[in-house]
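Listed here are the chains, written in short residue letters.
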Amino acid sequence: MVCHGEHSTHPSVRKDEMPGWCSALSSSSWWRKAGNPQVCCLLLRTPGAAPRVHGLEAGHHHPGCRPPSPTGPWDKPTVEEAVDSGPRTVSRRYLSSLKNKLSSRDWRKSCQARTCPGPGTQEPEEKRIVQELLETEQAYVARLHLLDQVFFQELLKEARSSKAFPEDVVRLIFSNTASIYQFHAQFFLPELQQRLDNWTTTPRIGDVIQKLAPFLKMYSEYVKNFERAAELLATWSDKSPPFQEVITRIQSSEASGSLTLQHHMLEPVQRIPRYELLLKEYVQKLPAQAPDLADAQKALDMIFSAAQHSNAAITEMERLQELWEVYQRLGLEDDLVDPSNTLLREGPVLKISFRRIGPMERYLFLFNNMLLYCVPRVIQVGAQFQVRTRIDVASMKVRELTDAEFPHSFLVSGKQRTLELRARRSQEEMISWLQACQAAIDQIEKRNETFKAAVQSPEGDTQEQELQSEELGLRAPQWVRDKMVTMCMRCQEPFNALMRRRHHCRACGYVVCARCSDYRAELKYDDNRPSRVCLDCYTFLTGNVLPEDKEDKRRGILEKGAAAGSEQSLMCSFLQLFGDKWGKSGSRGWCVIPRDDPLVLYVYAAPQDMRAHTSIPLLGYQVTAGPQADPRVFQLQQSGQLYTFKAETEELKDRWVKAMERAASSLSPGGPNDRDLSD
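Residues numbered from 1 in each chain as written. Predicted model: local features only at pLDDT ≥ 70, side-chain atom pairs only at ≥ 80, totals over all residues. Heavy atoms only, no water.

Undergrad: Any chance you could explain the nonpolar core here in plain terms?
TA: Generally speaking, soluble globular proteins have nonpolar side chains that are buried together. Counting residues in hydrophobic clusters, the biggest one holds 62 residues, and the most contacted among them are Phe-174, Met-265 and Tyr-282. Elements with a minimum of two residues in this core: helix H5 (125-162), helix H6 (167-174), helix H7 (177-197), helix H8 (206-212), helix H9 (219-239), helix H10 (241-251), helix H11 (261-285) and helix H12 (293-329). With 14 residues, H5 is the largest single contributor of residues to this core. Residues contacting Tyr-282, with those up to four places away along its chain left out, are Glu-126, Ile-129, Val-130, Trp-199, Pro-203, Arg-204, Ile-205, Asp-292 and Ala-296. (Core = buried A, V, L, I, M, F, W, Y, C linked by side-chain atoms within 4.5 Å. Buried < 20%, exposed > 50% of the residue type's maximum accessible area, 1.4 Å probe, protein only. Helix = DSSP H or I, 4+ residues; strand = E, 2+ residues; numbered from the N terminus. Contact = heavy atoms within 4.5 Å.)

Spelled out as structure tokens, the structure:
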């Protein structure tokens, strides 16, 4: 009688060591340490006799195998072994490890030391492999019988009689074990037994496996349900004493071999890879002219296909499990829960606020069809995040932002909303987010059979502005931050806290005053609800004629936009301003030397202002160093006029001094180093 089962492939494993050894098998770390499993030899036991090592002489062991213990094979286990034999649950790490091994055709190597024939026997090597396949199949059917006819039936009987636990729980734990048992006991095992009995006349098994291999795909359902079954088993073992009592009683019986129910349930998960191992070895041992070679190779391919089918089941199970966990963290909102979604990326980001000074903590979930912009809940009872905005990937656009104040930031623009975000750690993290978002966008476009027509060109900025004009009101704009302007971006009147407050145009995103945004227009991205817009957008969206009292005034000498100057400037950055003109305490200004006006220094209160606060003609000025106490200070001096500036760094001060000296000497721009001046 063969009693070793699926786990007893090691010649030196004693019966009392089986629980701990099998417990180690249930974790992925065992596979990594032991490498590929090898069927070295069989541990056989005859009634009334001590167990013997079949196929290996005494004292000779396969490399990597432990030598037999000097104690008797059925001695009482040690304390450590008794601890190892306790019930253990099978984690998802094991399934992940098994999935990775099933994904490669070459994950198993043929054994170097095979079961050797006894003295005087000359059986062909391929027949011995078939004999091993039959013996392991007999042991496997015995385990399936234990699962289906003993554990399952006894638990079902207890559930019906005591009503201590539901019958459905028992059926969910054992899934389709009954179908697998019937297939192997009534079809697969008899076919193998009959073929081996007639081996002299029919030395082949490839045709048998070909006929029965398609039915092995029923294992996918078992594998997909395996983790849930393990969780239910652990839950009800703690929850219901009668449930645990039935399991403990069966586990202590001789038929269970001192193994836990969890380890018996692991047998079907490991069985198909075992078939692949033995059949691959069988093909390698067949002579080149063997009549079974072609059928055996085809059968091996079918077994590999069944293994891949189980691999796909494991992948799908993990995807659904991860998706469900994400939905739980989001509060299980009805409009979000969709099992067909795929989570592509998640992680924390920083939201660049339009009104606040510092960025705010936010969290993104990127799915294949939507981006969820979430806020962490302060009291995380149930849901961990609150969904603020959902942006459809089909209408989403992403690009990197160039912002000296907020490095590694990027823009996410959708019909529902436009967000300025910043990666928390590095430029690489920002690029990773951009790539993930763009990959999702490209996949949607490919699915809809549409392709991008935009091509990078020197006129890229102009094309982008034209595209924004065409989409005005169709998608949420990028809002200009409040602190980037000190005056209305339409009428150039300065803001103040009482009479002229800041407002945002919902169509273009400009910061404007109340007078310039006293208009309403329907915006398609906001469900055609009337929203506050500026005068220019109102005219564009409605087609109404511009009122006479709103016509543009003649452009003043200081009405040179700081934003335009920054993009086409010889030099621009923030500088600290000192002197009576700026106040005793000094102030901070955005200073620009435009390319189209290279002899004038414009000083703005903020980078996005449309009108400069002051302009200084640089021609004839002397650029001198400031007090030696601070090397970052420099001065402009001419005929009693004195302006004192302070840069953030000494290197930035040197660049400003160089640019002002060229302007004061009336040197025209265009030198080879001019491009190095701009910040």
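Undergrad: Explain the packing of H6 against H9 here, please?
TA: Relative placement of two packed helices is described by the angle separating their axes and the distance separating the axes. Between H6 and H9, whose axes approach to 7 Å, the crossing angle comes to 135°. Taken together, the axes of H6 and H9 are oblique relative to one another. Mapping the contact onto sequence places Val-169, Leu-172, Ile-173 and Phe-174 in H6 and Tyr-222, Asn-225, Arg-228, Ala-229, Leu-232, Leu-233 and Trp-236 in H9. Residue composition of the contact of H6 with H9, grouped by class: nine nonpolar, one polar and one charged. (Axes fitted to C-alpha atoms, helices over the stretch in contact; angles between N-to-C directions. Parallel < 35°, antiparallel > 145°, perpendicular 65-115°, else oblique. Nonpolar A, V, L, I, M, F, W, Y, C, P; charged D, E, K, R; others polar.)

Undergrad: What exactly am I supposed to notice about the packing of H11 against H12 here?
TA: H12 packs onto H11 with a crossing angle of 160° between their chain directions and a minimal axis gap of 9 Å. Considering their axes alone, H11 and H12 lie roughly antiparallel with respect to each other. Here H11 and H12 pass one another in a crossing that is left-handed. On H12, the residues that touch Ile-272, Tyr-275, Glu-276, Leu-279, Lys-280, Tyr-282 and Val-283 of H11 are Leu-293, Ala-296, Gln-297, Ala-299, Leu-300, Ile-303, Phe-304, Ala-306, Ala-307 and Ser-310. Looking at the contact of H11 with H12 residue by residue, the class counts come to 13 nonpolar, two polar and two charged. (Left-handed = near helix turned anticlockwise from the far one by under 90°.)

Undergrad: Sorry, what's going on with the packing of aromatic side chains here?
TA: Here the distance between the centres and the angle between the planes together describe a pair of aromatic rings. Applying the stated criterion across every chain, the model contains 15 aromatic pairs. Ring centres of Phe-165 and Phe-243 lie 5.1 Å apart, and the angle between their planes is 90°; this geometry places the pair in the edge-to-face category. Taken together, the residues span a long stretch of sequence, with Phe-165 in the loop between H5 and H6 and Phe-243 in helix H10 at a distance of 78 residues. When the centroid spacing of 5.4 Å and the interplanar angle of 85° are considered together, the rings of Phe-188 and Tyr-275 count as edge-to-face. Taken as a pair, Phe-188 in helix H7 and Tyr-275 in helix H11 lie far apart in primary sequence, 87 residues in all. (Phe/Tyr/Trp six-rings, centres within 6.5 Å; stacked < 30°, edge-to-face > 60°.)

Undergrad: What exactly am I supposed to notice about unusual backbone geometry here?
TA: A negative phi holds for most residues other than glycine; trans holds for most peptide bonds. A positive phi angle is found at Lys-163, which is not glycine, with a value near 55°. By the element assignment, Lys-163 lies in the loop between H5 and H6. Positive phi is not limited to glycine here, since His-408 has a value of about 35°. Along the chain, His-408 turns up in the loop between strand S7 (397-401) and strand S8 (409-413).

Undergrad: Honestly, the pattern of salt bridges in this entry has me stumped. Any pointers?
TA: Working definition: two side chains of opposite charge can pair if their charged atoms are close together. Taken as a whole and assessed by the stated rule, the structure comprises 22 salt bridges. Linking Glu-125 and Arg-128 is a salt bridge whose minimum nitrogen-to-oxygen distance equals 2.0 Å. With Glu-125 and Arg-128 both in helix H5 and three residues apart, this pair spans about one turn of that helix. Notably, a salt bridge pairs Asp-292 with Arg-204, separated by 3.8 Å at the nearest N-O pair. Taken together, the positions of Asp-292 in the loop between H11 and H12 and Arg-204 in the loop between H7 and H8 put the pair 88 residues apart, joining distant regions of the chain. Residue classification places Asp-292 among the buried residues on the basis of a relative accessible area of 1%. Owing to a relative accessible area of 21%, Arg-204 belongs among the partly exposed residues under this scheme. A single salt-bridge network, built from bridges that share partners, covers Arg-160, Glu-167, Asp-168 and Arg-171. (Salt bridge = Lys/Arg side-chain N within 4 Å of Asp/Glu carboxyl O.)

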